[in-house]
Amino acid sequence: MTDEQVSSPAEPLRVGVLGARGRMGAEVCKAVDAASDLELVATVDQGDDLTAVSDAGAQVVVDFTTPDVVMGNLQWCVERGIHAVVGTTGFTEQRLEQVRGWLAAKPGVGAVIAPNFGIGAVLMMQFAARAARHFESVEIIEQHHPRKLDAPSGTATHTARQIARARAEAGLGPVPDATKDEVAGARGADIDGVRVHAVRATGLVAHQEVLFGTTGETLTIRHDSYDRVSFMPGVLLAVRAVPDRPGLTLGLDPLLG
Ligand SMILES: NC(=O)C1=CN([C@@H]2O[C@H](COP(=O)(O)OP(=O)(O)OC[C@H]3O[C@@H](n4cnc5c(N)ncnc54)[C@H](O)[C@@H]3O)[C@@H](O)[C@H]2O)C=CC1
Ligand SMILES: O=C(O)C1=N[C@H](C(=O)O)C[C@H](O)C1
């Protein structure tokens, strides 16, 4: 074997981006373009033909679109043997079951679906789940830019479910709350017994606070994404990992080690 053969780099992984003209999609295109081990081969947005992805031989697709189109996109990719990295929100347990079904019919194909690709946000959710068993009270306050289509955020929903599971495992009862809503919504949404408040304001990007309380003390765990570049290390991590992870990977946690 010659020196040239030893040092020749592997072929770049071919990546397609769905929602490419959106806030996140545009950032993903830049990040993929800048990575020497990845090649941006297809960019698709509303009105474009998805076949651009298969025609270009994309091996991995990244989807940052909307909750109403993401399932169709994902099914289309999986059926064609294209791995998927999905940041789009709206994944209920029922939707995840559907995705597991598509993947089971296509062994070897992988999908990573994560409510938040920010490393700090993933840690915030882990820390919150860890703290949950020690506090009788908990509320989540998520804050986003006003062009966000959904509320509460996928991150807040995921955090609430994780906290609820940790509380149940620890044998904690309902969060104490004697308040009667004088105005509907005043106490926020109830997700598995955890109150979630959604704030929308110009100037914000993506922020979340988890407020815990017990006798004589509170604990606040907060994460802030000030710029969408904050999501890119997590997205690229998932893009590189997904070809070796057949089936469904939920959240970034298993990839972080
Ligand atoms: N998991 C994570 O870390 C993050 C997730 N998100 C989620 O990602 C999604 C997108 O967020 P943004 O980029 O802020 O929204 P956006 O509205 O800026 O972008 C969505 C894009 O999808 C396009 N689109 C709509 N239908 C399409 C279709 N059928 N095929 C291809 N493209 C289509 C739209 O034209 C738009 O350009 C949301 O669900 C948001 O909550 C956002 C930030 C981080
Ligand atoms: O729409 C957004 O901006 C974001 N969406 C995701 C969510 O709903 O949790 C992730 C992050 O909060 C930004």
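Located above this text is the structure these notes cover.
Here's a quick rundown of the structure. (Residues numbered from 1 in each chain as written. Chains lettered and ligands numbered in written order. Predicted model: local features only at pLDDT ≥ 70, side-chain atom pairs only at ≥ 80, totals over all residues. Heavy atoms only, no water.)

Some remarks on the overall build of the protein chain
Move 1: The secondary structure content of the protein chain amounts to nine helices and eleven strands.
Move 2: The C-alpha radius of gyration of the protein chain comes to 20 Å, within 12% of the 18 Å expected for a compact globule of 257 residues.
Move 3: Looking at the protein chain as a whole, 44% of its 257 residues are labelled buried.
Move 4: Put simply, of all contacts in the protein chain between residues at least 6 apart along the chain, 71% involve residues at least 24 apart.
Move 5: Put simply, the protein chain shows about 13000 Å² of open surface, and 51% of that area lies on carbon and sulfur atoms.
Move 6: Averaging the positions of the 23 positive and the 32 negative side-chain charges in the protein chain gives two centres separated by 4 Å. (Helix = DSSP H or I, 4+ residues; strand = E, 2+ residues; numbered from the N terminus. Rg over C-alpha atoms; globule rule 2.2 N^0.38 Å. Buried < 20%, exposed > 50% of the residue type's maximum accessible area, 1.4 Å probe, protein only. Contact = heavy atoms within 4.5 Å. Areas by Shrake-Rupley, 256 points an atom, 1.4 Å probe, with all protein chains shown as cover. Lys, Arg positive; Asp, Glu negative; His and termini not counted. Charge placed at Lys NZ, Arg CZ, Asp CG, Glu CD.)

A closer look at the site of ligand 1
Move 1: Around ligand 1 lies a shell of 20 residues, among which Arg 23, Met 24, Asp 45, Thr 89 and Phe 117 are the nearest.
Move 2: At 3.5 Å, a backbone N or O of Gly 19 approaches a nitrogen atom of ligand 1.
Move 3: With respect to ligand 1, the backbone of Ala 114 contributes an N or O atom lying 3.0 Å from a nitrogen atom.
Move 4: In terms of residue class, the shell around ligand 1 is built from eight nonpolar, eight polar and four charged. (Near = heavy atom within 4 Å. Polar contact = N/O pair within 3.5 Å; in protein donor to acceptor, adjacent residues only side chain to side chain. Nonpolar A, V, L, I, M, F, W, Y, C, P; charged D, E, K, R; others polar.)

Quick notes on the sheet that holds strand E5 (residues 110–113)
Move 1: Judged by pairing direction, the sheet is parallel, and its six strands sit side by side in the order E2-E1-E3-E4-E5-E11 without closing on themselves. Edge positions in the sheet fall to strand E2 (38–44) and strand E11 (247–250), since each has one partner strand and no second. In this sheet, adjacent strand axes meet at a mean angle of 20° when their direction is disregarded.
Move 2: Both strand E3 (residues 60–63) and strand E4 (residues 83–86) contribute to a ladder of four bridges, which runs parallel. (Pairing = 2+ DSSP bridges. Axes fitted to C-alpha atoms, helices over the stretch in contact; angles between N-to-C directions.)

Some details on the site of ligand 2
Move 1: Near ligand 2, the surroundings consist of Thr 89, Pro 115, Asn 116, His 144, His 145, Lys 148, Ser 153, Gly 154, Thr 155, Ala 206 and Phe 231.
Move 2: Separating an oxygen atom of ligand 2 from a side-chain N or O atom of Lys 148 is a distance of 2.7 Å.
Move 3: Broken down by class, the residue content of the shell around ligand 2 amounts to three nonpolar, seven polar and one charged.

Description of the packing of helix H4 (residues 70–79) against helix H5 (residues 93–104)
Move 1: Orientation of H4 relative to H5, taken along the N-to-C sense of each, is 15°, at an axis distance of 10 Å. Judged by the angle between their axes, H4 and H5 are roughly parallel. Note that H4 runs across H5; the crossing there is right-handed. On H5, the residues touching Val 70, Met 71, Leu 74, Gln 75 and Val 78 of H4 are Arg 95, Gln 98, Val 99, Trp 102 and Leu 103.
Move 2: The residue makeup of the contact of H4 with H5, split by class, is seven nonpolar, two polar and one charged. (Parallel < 35°, antiparallel > 145°, perpendicular 65-115°, else oblique. Left-handed = near helix turned anticlockwise from the far one by under 90°.)

Considerations on the sheet that holds strand E8 (residues 194–200)
Move 1: One open sheet holds the five strands; their spatial order is E7-E8-E6-E9-E10, and the pairing between them is mixed. The open sheet has two free edges, formed respectively by strand E7 (189–191) and strand E10 (217–225), since each of these has just one partner strand. Strand after strand, the sheet turns through a mean of 25° between neighbouring axes, direction not considered.
Move 2: Bridge count for strand E6 (residues 137–144) against strand E9 (residues 206–214) is eight bridges, and the pairing is antiparallel. Counted as the bridge partner of Glu 142 is Gln 208 from E9.
Move 3: In the packing of helix H6 (residues 119–131) onto the sheet, contacts are made with E9 and E10, and the angle to E10 comes to roughly 160°.
Move 4: Contacts from helix H7 (residues 154–169) reach E6, E7, E8 and E9, with the element oriented near 170° to E6.

Topic: the side chain of Glu 139
Move 1: Inspection of the secondary structure assignment puts Glu 139 in strand E6.
Move 2: Within the structure, the side chain of Glu 139 is placed 2.6 Å from the side chain of His 197, a separation counted as a polar contact.

Digging into H7
Move 1: The end-to-end C-alpha separation of H7 is 23 Å, in line with the 22 Å expected for 16 residues at 1.5 Å each.
Move 2: Here H7 has its buried residues at Gly 154, Thr 155, Ala 156, Thr 157, Thr 159, Ala 160, Ile 163, Ala 164, Ala 166 and Arg 167.
Move 3: Residues of H7 that are buried sit in contact with H6, E6, E7, E8 and E9.
Move 4: Just past H7, the residue Gly 171 takes up positive phi, approximately 75°. (Expected span 1.5 Å × (residues − 1).)

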